[in-house]
Every structure is written in C-alpha cells, then in structure tokens.
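Chain by chain, the residues:
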Amino acid sequence: MIWGRFDCERSRLNIYDQPHFEPGSGISDIETVTQEIQKILTMMDGQPHALIKAKAVTFVLDHAAIEVNPADWFGFNFCGWLTRHQANSETAFRPLQCLNRHWFAELEKQAPQIYRTATDCVRETGALVYWPDYDHSVPDWDSVIALGFPGLLARVRQTHEKKKENGTLTGDQELYYTTVEMAYEALLRLCHRFLDCARAHADEDDKMPIVIEALSVLCTDKPRTLYQLLLLICLYHLVQEFVDVIQVRTLGNIDVDGYDFYAQDLREGRLTREQAKELFKYFFERFTNEAHLHGQPLYFGGIDEKEHTQINDLSYLMLEAHDEAADRGPMNMKLFIKVMPSTPDDFLKKALDMLRRGNNSLVFVNEALGMKIFRKLGCTEEEVHRLVATGCNNFATRGHETTPEYVYVNLAKGIELAFNQGVDPLSGKKIGCDTPPVSDMHSYEDFYHAYLAQVEHLIRKGFVISDYYDAHLYDINPALFYSGTMPESVECGSDAYYNGLKYNRTVMFLSCHATAADSLRMIQKYVFEKKRLSLPALRDILATNWKNHEDLQIEILHDPEKFGNDMDVVDGISAALIKHFGSLVASRENVRGGHFVANGESIWWAKRWGSQCGATPDGRAAGDELSKNMGATMGQDRTGITALIKSVTKIDATNLPYGSPFDYMLHPTAVQGEDGLVAMLGLLRTFMMRGGFGYQGNVVDVKTLRDAQLHPEKYGNLQVRICGWNWYFTKMEKSYQNEFICRAEYEERALS
C-alpha cells in the first residue's frame, strides 16, 4: 500500500536532526566536511572567490555522505548542513558558510573610514542594525520548472559557447560560466548519487519504484508529473539554501505552476485528489523538519492577463493538506495568499477559519496594491501581473530582481537624538548630527525639523553601509546556483548579485513609526498647545525615566491621541513621516545600478531596540518595546481593530514598496461561528480595499498562553505570528512570551 500512511509514518520522516547516512556513501561528519572546505580555501588562497566556492560546492556534493528515506516521498539528505536544532552560536549550520564568514571578515578589516564612521556605535545604541543579506532571494522558478536541472546546465553551456564563438566572451564572463557549470554538474552528480542510493533500497517500500522513476527523469529531463515537480523543488531548495548559502524565500506559486501537472495526473490515473493531498502533507513535512527559523514561504493565487483569479482546485487541496497535517503536528510553512477583489470569498474564509483555529501560517498580501507599487517602480505590465509573494511580507518581480536587505533604521531613536543634539542619552555616544539644543527650540516645528534631521542622518549612514555591502556581495558569496536560474544573469554572464539582473534594488527598513509619531504628537500637545512643561523640562524628565513625574506619565500614556485610534491629528504625523523618509530612500541610487526602496517592517527589533532606548514622550518607559511593523505601540490602540485598520491604511503604502505588514490579535470569542468568520472576512476585505499591504495575526486567549508557558510539553504545536514569522510559543524566550501574553490581556480587557 502506497497511500494513506502519512499519519503513521510521520515520526519516521525527520532524517535531518538525526541522520542515518548510507554507509560508504561519503563523509558523514559535518566537522570533517567543514575542515575539507577550509583546506580548499587555504590551498586556493588568492584565486577568485567564485572558483573557490565552485570547488567547495563540487567537493561537498561529490563527497558528503547521503541518505534516502524509503518511507518518505521527499526523504533526501546529505552531510552538508545542520538544522538549527543541531547548530549553536559557534557552529555554522551550513559548512560552506565558513567561506562567507572568512571573506566577510576580510572585507571588514579593509573597510574604508566612511564605513567605519557610519557603523560606529549605531548597533549598540539601538539606532540601526545591519548585516550583508542573502536571505531574500527568489530563484526563477519558471526556468527551474521549464528546463529542469539538465536544461539549466545546457542553457549556461550554450550561452557560454555562443559568446566564445562570436568573440565577445570576457574574462569575468568565462569565470562566471565556468563556475556555474561546475555547480550544476555537481548537482546532477548528486542526483545520480541519490538515484543509486534509492535503487539500493528499492525493495524497502512500495513508494520506491515511483521515487526511482522520478529521480531518473530529473537526472535527464524536466518534470512531467506533480510528484516530479515537487521533488525538483525540494532538491533545488536543498542546494540553494544549504550549499549556495542563499535562502529560498519562496517555493513559488505551486498551486498555479503545478495545476497542469495535477490535472494531467488526475486524467491519466496516476493520482486521485486524496493521494495528491497526502503528497503535499509529505512535502510540507519536509520543510517543517528542516526547521527554518522564519518558516518556508510559498504563495497561492494571482491573476491572469484578464485579472481573473487563478485560485483553483489545487489551491484548495494544498490548504486542506496543510490544515489536516497541522491539526496533528507542527507545521513550519508560511502560506502567502495574494488577495484581489476576484479572490473567491470561500477560499479566503477557508484560510481564515484555519487561522482562528490556531493554524497561524497564513499571510494575506494585497496584490492590487502590489501591482500599483510595481507600476510606480517602472515594471512592465507582464511583470506586474506575475508578482512573487516572498520573504516576510514582500512582493518582487518574477525572475528579474535581487533585493538584499541590509539596514533597519529605528525611527523612534530620532526622538532621543533630537532632545540631546545627536547624543544617545544612555551611552553618551554621539551617533546623530548637530541640531540646536532644546532650549533654543521655540516651536513644535523647530523640534520636528530637528527630529527629521536626526533620522535623515541615520538613513545616510544606512546608505553608506548598504553601498559597501552592495559593492561586495559577489566577493562575500558568489551565487552559483541562484544565478544559474536567472535568464538575464546567464545571458549577460554576470552574477545575479553583481548587476546580473534587470532590477538591482536595495531595501532599507524604516521601523517603529508609531512610537515616533505618538511622541511627536505628545510634544506638540503638552509642550506647545497645553504648555504644561518646556522642552528642556521634558528632556530632563525622560532622562530620569519619569521619576517623580509618574502622574504626568500616566496622563500622557493614556492620552487617546495615539496612532491606532483613527485620529487624524496623530495618524497624519505618521503618514507624513513615512512619506518623507520613504521618498528620501527612494531618491537614492545604489551602487549596483538600481535604487533603494523602503520597507516598514520591524520584525523583532521593536523589542530589542526598546531595551536600548530611554523613556519617550508618548509615556513609554525606558526599556519598553517600541511599535511593531505598521501597528500601534503596545496598548495604545484602544478603540478596536476597525479603528486600528483605519489608522494603518491612512499611510500611503506605495511609500514602502517592499512591505508594510499589519499585525492584529483577536480573541477567540470575537470570531466564533459563521458570524465570526464573516466578520473576519469583512476586516480582511476592508483592509485590502483601503490600501493595506500585508495582513497577519493571531486568534488566541490569555488562558491558553499562560498554561503553555507553565506546561510547554502540552503545547508543542502552539504557534503564534510575530512580525512576519511563525514561532512556536513554547520555544520563544520568556520575555517574548510575556510580551505576547500582555498583548492578549489587552485584547481581553478591550472586550470586557
């Protein structure tokens, strides 16, 4: 019997945390693999980084031990990576990271003074965070699916030979084609190794003849069936994620790209609908067992050239598969749903019902808004109609761009800097620019312009950091597998991260806008309208964390004129900040021939930065978290989710082209029954109609969270949505658990 076995086999599918590599198949110790890579690095010192990496890739794929799990449709593994459960702070969970770390360390040593000045003290003071980013890349799934691995290699070889024949081949192009060919040749050899291993276990499970046939096809051709398509995606993901050391930030539009395969399988009797559903349970389980920190994204839906929905039976089937599997065990996927007016209500209600039952893997993104944004960015109509949903809450063109994300800017930090002439009050470090002392500020406009100047100064530091990383992405980590999927990269013979694509954009994050806007409004109101105190007095009160002024703190903390309550007086400030800073970011060209674009996410930095920031004029105490993503500061949205949605959607999301996610929390009693589901759908549709970008949230009660904190063994499957990621609640740091419980308590009080 081949089918109907997922639930009973599930415990046998995780071959990653405890691998059992095939005896004699290669090096089975991860430390030895890493040591061999380091030997290659040493022996090839001074040679091009792309060639060193290609040699290391070849070594790993040829010599690392492998494993094939006969119980699993997707049970392929090799000794070339560790799950995050196995790794620690001292151990790279991908051995080839030793190359990246070495080359980045070299880069840091030779960094110019302008970079050193830009980075001085900004991380430890909570003003900026930054790192070289390869975690937001999407391969051209069109090419991967249409060509398969042999076809991708053939395309590179043919382009290489064509340039040789016409005499246009440069030395840099020769290096590019040679190294990409080496990588794909090694990948095909790995596929043959898996095939041989599968044949050795052919008698151990009834699945194996189909597995062997699929591998045989993928070794020589493109996929022909739904199973072969999914296996191709798994194998490609394995090498880009863990060998290329570049995150695959979406598995693609599988319900649309896979529909013809699925329909043909049904017609020809290879699969029934139930069997296809079970196949997806195994598929999702594979990525869950890989233990991705941020969840592994894929997306549903989209529209055709006539703007008709592309939601189909496979879309429903995939949701059902995830829902049924998640009911019986943890699932670590991130399921994007692209929402248009034509998206069927029953599909959205199915997804929302999953969410209210605790399946928090769902993110809804506004495709109509995405199309508007990418038209504004100069994309063609064909590109606009085929946007990729990727990352945390992002859109991108399909097969045409890289979008590294290096720098997060703390907009709330500018408040402290404006009060203190660019000096961080907690550390005493000068990280901002010179602005007048508050004793010389005689109007709200004076302070406001000082605040703008301080944040602009931080953004300019971000430009310097980003420029340095942008100029050296290829030096840090040549993108061999990823580049080989991208038609424009192959055609021009240049790495995808080295000006090899049509759109070479750089993302900068503008975070914690609501705390900044609330603070500005309270300064405007209490200092200049009510004249309750002077700016110097407020500065001194904040420096002591409201000590001996607790009554004023409480009054300001409970002042209703805060972002999230549908009040134009403060919502307008927030919208103006995003417009101003977003326009500044968008006006700047990067060093890869593209432009900067802004994103409004904060992810977990809202909490971490809060611990590095003193008290703020909105009533917040020193150390408390700042506002997350596009939402209100904790506890400040007091008039319900509809008012919060109105505040959020007053911000023009086109000023944040690469994401502006909205997080919400609802109590289970508010969404019970059919009426509750209709209400959830109404909120979602309202958010999209008003121009919101990304919509994600949680339906949870305080009692459940507190019990999970006390008895984690009972709640292994409990997931919560945090700033674009799914986290298992019981595995979160206690401080994050407490913050989440506080938010849930606030929602319960709002209902009472």
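Please read these numbers as outputs of a predicted model, since none were measured by experiment.

J.: It is not clear to me how the environment of alanine 291 should be interpreted in this structure. Could you clarify?
T.: If you trace the backbone, alanine 291 turns up in the loop between helix H12 (273–289) and strand E4 (296–301). Looking at alanine 291, the relative accessible area reads 9%, which means it is buried. Between the C-alpha atoms of alanine 291 and leucine 153, which are 138 residues apart in sequence, the distance is 30 Å.

J.: What should I look at first to understand the pattern of salt bridges in this one?
T.: Pairs can form between side chains of opposite charge once their charged atoms are near each other. Evaluated as defined, the whole model comprises 49 salt bridges. Residue lysine 277 is joined to glutamate 320 by a salt bridge in which the shortest nitrogen-to-oxygen separation is 3.2 Å. Of the two residues, lysine 277 sits in helix H12 while glutamate 320 sits in helix H13 (residues 313–328), which places them 43 residues apart along the sequence. Each member of the pair, lysine 277 as well as glutamate 320, carries the same accessibility label: buried. Between glutamate 555 and arginine 532 there is a salt bridge, and its shortest N-O distance comes to 2.8 Å. Of the two residues, glutamate 555 is situated in helix H23 (residues 550–557) and arginine 532 in the loop between helix H21 (513–529) and helix H22 (535–543); the sequence distance between them amounts to 23 residues. Exposure remark for glutamate 555: the relative accessible area of 31% places this residue in the partly exposed category.

J.: Looking at this structure, how should I read helix H14 (residues 345–356)?
T.: Each turn of an α-helix holds 3.6 residues, which means side chains three or four residues apart point in the same direction. Counted at 1.5 Å a residue, the expected span for H14 with its 12 residues is 16 Å, and the 16 Å between its end C-alpha atoms agrees. Taken residue by residue, H14 has Phe347, Leu348, Ala351, Leu352, Met354 and Leu355 as its buried positions. Angular distribution of buried residues about the axis of H14 spans 155 degrees; they occupy a single face of the element. Immediately beyond the C-terminal end of H14, within one or two residues, lies glycine 358, with a positive phi of roughly 100 degrees.

J.: Looking at this structure, how should I read the sheet that holds strand E3 (residues 128–130)?
T.: Taking strand neighbours across the sheet as the criterion, the four strands line up as E3-E10-E12-E13 in an open arrangement whose pairing is mixed. Two strands lie at the open edges of the sheet, namely E3 and strand E13 (596–599), each paired on one side alone. Strand-to-strand twist in this sheet, taken as the mean axis angle between neighbours without regard to direction, amounts to 20 degrees. Sheet topology places E3 next to strand E10 (residues 405–410); three bridges connect them, and they run antiparallel. Across the sheet, residue tyrosine 130 finds its bridge partner in E10, namely valine 407.

J.: Explain the packing of aromatic side chains to me, please; I cannot follow it from the model alone.
T.: The geometry of an aromatic ring pair is captured by two quantities: the separation of the ring centres and the angle between the planes. The full count for this structure, using the stated rule, is 43 aromatic pairs. Between phenylalanine 76 and phenylalanine 194, the aromatic rings sit 5.2 Å apart at their centres with planes inclined by 65 degrees, giving edge-to-face as the arrangement. Note that phenylalanine 76 is positioned in strand E2 (residues 76–78) and phenylalanine 194 in helix H7 (residues 171–200), a separation of 118 residues in sequence. A residue is classified by how much of its surface remains accessible, and phenylalanine 194, at 0% relative accessible area, is buried. On the basis of an interplanar angle of 80 degrees and a centroid distance of 5.6 Å, the ring pair of tryptophan 141 and tyrosine 236 is categorised as edge-to-face. With tryptophan 141 in helix H6 (residues 141–165) and tyrosine 236 in helix H9 (residues 226–242), this residue pair connects regions lying 95 residues apart in the sequence. In this structure tyrosine 236 comes out as buried when scored by relative accessible area, which is 0%. One aromatic cluster is present, built from ring pairs that chain together Trp3, Trp73, Phe74, Tyr227, Phe280, Phe283, Phe284 and Phe287. It is arginine 505 that lies over the ring of tyrosine 503; its NZ or CZ is 4.4 Å from the centre. Above the plane of the ring of tryptophan 604 lies arginine 608, whose end atom (NZ or CZ) is 4.2 Å from the centre.

J.: What's the story with the nonpolar core in this structure? I'm lost.
T.: A general trend in soluble globular proteins is that nonpolar side chains are found buried together. Ranked by size, the top nonpolar core spans 267 residues in total, and within it Phe280, Phe283, Phe364 and Tyr451 carry the most contacts. Considering every element that reaches this core, the biggest residue donor is helix H18 (residues 444–476), with 17 residues. Here phenylalanine 280 is in contact with Leu226, Leu230, Ile254, Leu314, Leu317, Met318 and Ala321, once residues within four sequence places are set aside.

J.: Sorry, what's going on with the sheet that holds strand E15 (residues 694–699) here?
T.: Hydrogen bonding along the main chain pairs the strands of a sheet, whether they run parallel or antiparallel. Taken in spatial order, the five strands of this open sheet run E4-E5-E6-E15-E14, and their pairing is mixed. Here the strands that pair on one side only, and so sit at the sheet edges, are E4 and strand E14 (661–666). Averaged over all adjacent pairs, the angle separating strand axes in this sheet is 25 degrees, with direction ignored. Summarising the sheet, strand E5 (residues 333–339) and strand E6 (residues 362–366) pair through five bridges and their orientation is parallel. Each bridged residue has a counterpart across the sheet, and for leucine 335 the counterpart in E6 is leucine 362. Helix H15 (residues 367–376) rests against E5 and E6 of the sheet, and its axis sits at about 50 degrees to E6.

J.: Explanation requested: the side chain of arginine 521 in the structure shown.
T.: Along the chain, the position of arginine 521 falls in helix H21. Setting aside residues no more than four positions away along its own chain, arginine 521 makes contact with Glu529, Glu561, Val569, Val570 and Ile573.

Cut-off values and rules
- Residues numbered from 1 in each chain as written.
- Predicted model: local features only at pLDDT ≥ 70, side-chain atom pairs only at ≥ 80, totals over all residues.
- Heavy atoms only, no water.
- Helix = DSSP H or I, 4+ residues; strand = E, 2+ residues; numbered from the N terminus.
- Buried < 20%, exposed > 50% of the residue type's maximum accessible area, 1.4 Å probe, protein only.
- Salt bridge = Lys/Arg side-chain N within 4 Å of Asp/Glu carboxyl O.
- Expected span 1.5 Å × (residues − 1).
- Arc of directions from axis to C-beta.
- Pairing = 2+ DSSP bridges.
- Axes fitted to C-alpha atoms, helices over the stretch in contact; angles between N-to-C directions.
- Phe/Tyr/Trp six-rings, centres within 6.5 Å; stacked < 30°, edge-to-face > 60°.
- Lys NZ or Arg CZ within 6 Å of the ring centre and 35° of its normal.
- Core = buried A, V, L, I, M, F, W, Y, C linked by side-chain atoms within 4.5 Å.
- Contact = heavy atoms within 4.5 Å.

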